[in-house]
Amino acid sequence: MRKFVFVLCFIFAHFITFHTTIAQKRIPRNFAEYGFFLNKQQLYLQELLEFLRIPSISASSEHLKDVQGAAEWLKNRMLGAGISNAQIFQVGKYPLVYASIPAAIPQAPTVLIYGHFDVQPASVEDGWNITKPFKPRVIQDKIYARGASDDKGSLLSVVHAVEAILAVSQGRSPVHIKLLFEGQEEIGSPDLPSWLLKNRKLVQSDLLISADGSMHSENIGSIVWGLRGAGAIQVNVTGPSHDLHSGGFGGVVENPIHCLVKLLQSMRYENGSIAVEGFYEGTRTVTQKEKEFTRQSIDFERELSRLAGVSQLVGGESKLFDVIERLWFRPTLDVVGIWGGYMDQGIKTVLPARAHAKLSFRLVQEQIPEKVVEKMIRHVNEHCPVGCACEAFDLGFHALPFESDPDMLSNQVLRETLLDIYQEEPK
């Protein structure tokens, strides 16, 4: 287990700095996989660039064929890595690539590694005005492309790590390995739970490692031992039966955009806490051990402000909880999209007939997405302003909160491994 995790993290590290400027200084070279990887390094880089050129956007029906294409590309690469039973399952409309590699010793533990090859949409409005999202470019040792970090780079590094292990050990893996790479993560994996229930034996394992995540920096490794869950709804507000001239009807017909603003405002108290009845059911008080563990990790205020490009970390429950608790241990409610009325250049003096918003919420501990969605929809129905009609519906984006014990054996193995590689405590 220790050797396997070390090699896996080693390959991750090289993908962070593929020219090995950091890796050559810090990573021990006294194991055969090191030489194998260095000999393949430029080939691996070119493979990643090829993988990144596939616009596997799961949110777009127009790109469903590209999601399928990414799955085919990945399966073929896994076969080329010596993973002989790599196969594609159709999970709803989306593909899933699965493989298993037996250990040399039958009683060895089983490690399941998860990743996803679908990506988010990308446009000039998202900031892709210098580089193109699916035409990857290497600039100052960094790859700029949609999916480079989330999650094709990390996912492919798993395949490369397994290839190195199998090549050096003549196909004798130190642990049983299972690989599960999906194509619908960016839309909330709506079809994955039912597939997992039907295929329990395929995914049964002793340890799950997710190749989907971020690092503190290229110099410091990270261990994520918990993630918040998620849910989302859309709110539609209707006023008049059709758009009206604001000069003829303004002030006598309620504006649905105003109704929407009032409705959204009703979801929070003055102190920033969430006013939706029952929203906090399933949360608990953070333990002192959890606080101490997270506070030793990062200078949150400075680092998060830098990453976000803001001068202050305010918003949400900032009047009630510190940054660490708000980021890792508290649920959130955010408006992630809002539209209505005339939005092109110039002015059009129209009182709109409709207004819309998309809301997402992050969940913690024992909160259940479906139950929170029900509470959100009930709030919309009960707090719709007079003069408008309101409806809300579930967007199907559900994820349960997850947390593990920082002191559990696997987390300790990961900590020791990252410490070996980076010569600094992981954050």
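Above: the structure in question.
Notes on the structure in this doc start here. No experiment lies behind these values; they were computed from the predicted model shown.

1. Comments concerning the overall build of the protein
Inference 1: Check the secondary structure of the protein and you find 14 helices and 15 strands.
Inference 2: A total of 427 residues make up the protein; the buried ones form 46% of that total.
Inference 3: Taking all contacts inside the protein whose residues are at least 6 apart in sequence as the whole, residues at least 24 apart take part in 75%.
Inference 4: Here the protein displays about 21600 Å² of accessible surface, and carbon together with sulfur accounts for 52% of that area.

2. Observations concerning the pattern of salt bridges
Inference 1: Inspection of the entire model under this criterion finds six salt bridges.
Inference 2: Across the salt bridge formed by Glu163 and Arg77, the nearest N and O atoms sit 2.8 Å from each other. Taken as a pair, Glu163 in helix H5 (residues 152-168) and Arg77 in helix H4 (residues 64-80) lie far apart in primary sequence, 86 residues in all.
Inference 3: Judged by relative accessible area, which is 9%, Glu163 ranks as buried.
Inference 4: On the basis of relative accessibility, which here comes to 10%, the residue Arg77 falls in the buried class.
Inference 5: Between Glu425 and Arg415 there is a salt bridge, and its shortest N-O distance comes to 2.5 Å. One end of the pair, Glu425, is in the segment after helix H14 (409-422); the other, Arg415, is in helix H14, with 10 residues separating them in the sequence.
Inference 6: Looking at Arg415, the relative accessible area reads 27%, which means it is partly exposed.

3. Concerning the side chain of Ser273
Inference 1: Turning to its location among the elements, Ser273 is positioned in the loop between helix H9 (256-265) and helix H10 (288-295).
Inference 2: Engagement of the side chain of Ser273 in a polar contact is seen with the side chain of Asn271, the distance being 2.7 Å.

4. Focus: the sheet that holds strand S2 (residues 94-101)
In a beta sheet, neighbouring strands pair by backbone hydrogen bonds and run either parallel or antiparallel.
Inference 1: The five strands lie next to each other as S1-S2-S6-S3-S7, forming an open sheet whose pairing is mixed. The strands lining the two open edges of the sheet, one partner per strand, are strand S1 (87-91) and strand S7 (207-210). On average, each strand axis in the sheet is inclined to that of its neighbour by 20 degrees, with strand direction left out of account.
Inference 2: Judged from the seven bridges that link them, strand S3 (residues 110-116) and strand S6 (residues 176-182) form a sheet pairing that is parallel. By the bridge assignment, Val111 is partnered in S6 with Ile177.
Inference 3: Set on the sheet, H4 makes contact with S1, S2 and S6; between it and S2 the angle comes to about 15 degrees.

5. Overview of the environment of Ser169
Inference 1: Examined against the element boundaries, Ser169 turns out to sit in the loop between H5 and S6.
Inference 2: On the accessibility criterion, Ser169 (18% relative accessible area) is buried.
Inference 3: Once the C-alpha coordinates of Ser169 and Glu33 are considered, the two residues, 136 residues apart in sequence, prove to be 9.2 Å apart.
Inference 4: Only 2.9 Å separates the side chain of Ser169 from the backbone oxygen of Arg172, close enough to count as a polar contact.

6. Some words on the state of the cysteines
Inference 1: All chains considered together, the criterion is met by two disulfides.
Inference 2: Sequence-ordered numbering of the bonded cysteines in the protein gives a pairing of 1-3, 2-4.

7. So, the side chain of Ser173
Inference 1: Here Ser173 is to be found in the loop between H5 and S6.
Inference 2: Among the residues examined, Ser173 registers a relative accessible area of 1% and is labelled buried.

Reading the values: rules and limits
- Residues numbered from 1 in each chain as written.
- Predicted model: local features only at pLDDT ≥ 70, side-chain atom pairs only at ≥ 80, totals over all residues.
- Heavy atoms only, no water.
- Helix = DSSP H or I, 4+ residues; strand = E, 2+ residues; numbered from the N terminus.
- Buried < 20%, exposed > 50% of the residue type's maximum accessible area, 1.4 Å probe, protein only.
- Contact = heavy atoms within 4.5 Å.
- Areas by Shrake-Rupley, 256 points an atom, 1.4 Å probe, with all protein chains shown as cover.
- Salt bridge = Lys/Arg side-chain N within 4 Å of Asp/Glu carboxyl O.
- Polar contact = N/O pair within 3.5 Å; in protein donor to acceptor, adjacent residues only side chain to side chain.
- Pairing = 2+ DSSP bridges.
- Axes fitted to C-alpha atoms, helices over the stretch in contact; angles between N-to-C directions.
- Disulfide = S-S within 2.5 Å.

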